[in-house]
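Remarks on the overall topology
So the chains spell out like this:
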Amino acid sequence: MAIGMLKGGMTQSCVSKEIGANIRTIRRWWENHMKGIALDNTPGRGRNKSLPKIAKIIISKSLNKKQQSTRKLTQRLKRNGITVSHMTVQRYLKTTIGAKSYKRPLMPRLSPKQKENRLTFCKERLKWTVEDWRRVLFSDESPFEVFHTRNRQNDRIWTRDRTSITPHQKVKFPSKLHVWGLMSYTALSDLHIIPQGRTVTTEYYIE
């Protein structure tokens, strides 16, 4: 079909988009056609789509270990003489093993003293009732950007015409607003705007 399209006057780029094949593949097919090599007789050039037993063992042992992307696993298999694509590895992890890829969650690094203080706090309130917690005030502070930059990976628009997309205006140095507030079981406080350049120290917090 691709050769017929090329003979009909279509460019290699158009044929690539039409049938969903890589343009380098289209170019290779055309070059083989011009040399008189039939596509059916072209020896396979792709990677193996099935995994040998040793590869499955290596992949299975990588579960729950850090820095184990499918590309790194593919390189590791290659060093062991097994050539497969990272998509084959990914498909095996998903469909056969039932694993999913996750990013490592972030958490603040705590010193031994901070860990001890948190454990003490929890132990002292281990037997608190709902009524005890209703008498607690929870407070927090947070900065907000006036012109927040969206996550471009998620801010996508499906369209047939790219020129119809309205650009998102970006501010090089967006202004920030630092606010503080608290809440209780029964009510919320008004937001307190912290002045620009002011550091929230213990004294300022108490005020």
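Before reading on, note that the structure itself is shown above.
Here's a quick rundown of the structure. None of these values were measured; they are calculated from a predicted model.

Moving on, we come to the packing of helix 5 (residues 70-79) against helix 6 (residues 86-97). Here helix 5 crosses helix 6 at 110°, and the two axes come no closer than 8 Å. Classified by the angle their axes make, helix 5 and helix 6 are roughly perpendicular. Once helix 5 is placed against helix 6, the crossing between them reads as right-handed. Residues Thr70, Arg71, Leu73, Thr74 and Leu77 of helix 5 lie in contact with helix 6, whose contacting residues are His86, Val89, Gln90 and Leu93. Here the residues of the contact of helix 5 with helix 6 sort into four nonpolar, four polar and one charged.

This part covers the pattern of salt bridges. Considering all chains together, one arrives at three salt bridges under this definition. The partner of Arg134 in a salt bridge is Glu131, with the nearest N and O atoms 2.9 Å apart. Using a relative accessible area of 33% as the deciding quantity, one classes Arg134 as partly exposed. Here Arg135 makes a salt bridge to Asp132, at a shortest N to O gap of 2.7 Å. With relative accessibility at 62%, the residue Arg135 sits in the exposed group.

Counting residues in hydrophobic clusters, the biggest one holds 11 residues: Leu51, Ala55, Ile58, Ile59, Leu73, Leu77, Ile82, Val84, Val89, Tyr92 and Leu93. Secondary-structure elements contributing two or more residues to this core are helix 4 (53-61), helix 5 and helix 6. Excluding residues that lie within four positions of it along the chain, Ile82 makes contacts with Pro52, Ile54, Ala55 and Leu77. Judged by nonpolar contacts, the second largest core, of seven residues, contains Ile3, Met5, Val15 and Ile26.

To continue, consider the sheet that holds strand 2 (residues 176-183). Taking strand neighbours across the sheet as the criterion, the three strands line up as 1-2-3 in an open arrangement whose pairing is antiparallel. Looking at strand neighbours, the two that pair on one side only are strand 1 (138-145) and strand 3 (192-194), the edges of this open sheet. Across this sheet, the average inter-strand angle for adjacent strands is 30°, counted without regard to direction. Judged from the three bridges that link them, strand 2 and strand 3 form a sheet pairing that is antiparallel. For Val179, the partnering residue across the bridge sits in strand 3 and is Ile193.

What follows deals with helix 6. The end-to-end C-alpha distance of helix 6 is 15 Å, a good match for the 16 Å that 12 residues give at a rise of 1.5 Å each. Every buried residue of helix 6 is accounted for by Thr88, Val89, Tyr92 and Leu93. Projected down its long axis, helix 6 carries its buried residues within an arc of 135°, all on one side. Helix 6 presents Lys94 and Thr95 as exposed residues on the side facing more than 90 degrees away from its buried surface. In the core, the buried residues of helix 6 are packed alongside helix 4 and helix 5.

Conventions and cut-offs
- Residues numbered from 1 in each chain as written.
- Predicted model: local features only at pLDDT ≥ 70, side-chain atom pairs only at ≥ 80, totals over all residues.
- Heavy atoms only, no water.
- Axes fitted to C-alpha atoms, helices over the stretch in contact; angles between N-to-C directions.
- Helix = DSSP H or I, 4+ residues; strand = E, 2+ residues; numbered from the N terminus.
- Parallel < 35°, antiparallel > 145°, perpendicular 65-115°, else oblique.
- Left-handed = near helix turned anticlockwise from the far one by under 90°.
- Contact = heavy atoms within 4.5 Å.
- Nonpolar A, V, L, I, M, F, W, Y, C, P; charged D, E, K, R; others polar.
- Salt bridge = Lys/Arg side-chain N within 4 Å of Asp/Glu carboxyl O.
- Buried < 20%, exposed > 50% of the residue type's maximum accessible area, 1.4 Å probe, protein only.
- Core = buried A, V, L, I, M, F, W, Y, C linked by side-chain atoms within 4.5 Å.
- Pairing = 2+ DSSP bridges.
- Expected span 1.5 Å × (residues − 1).
- Arc of directions from axis to C-beta.

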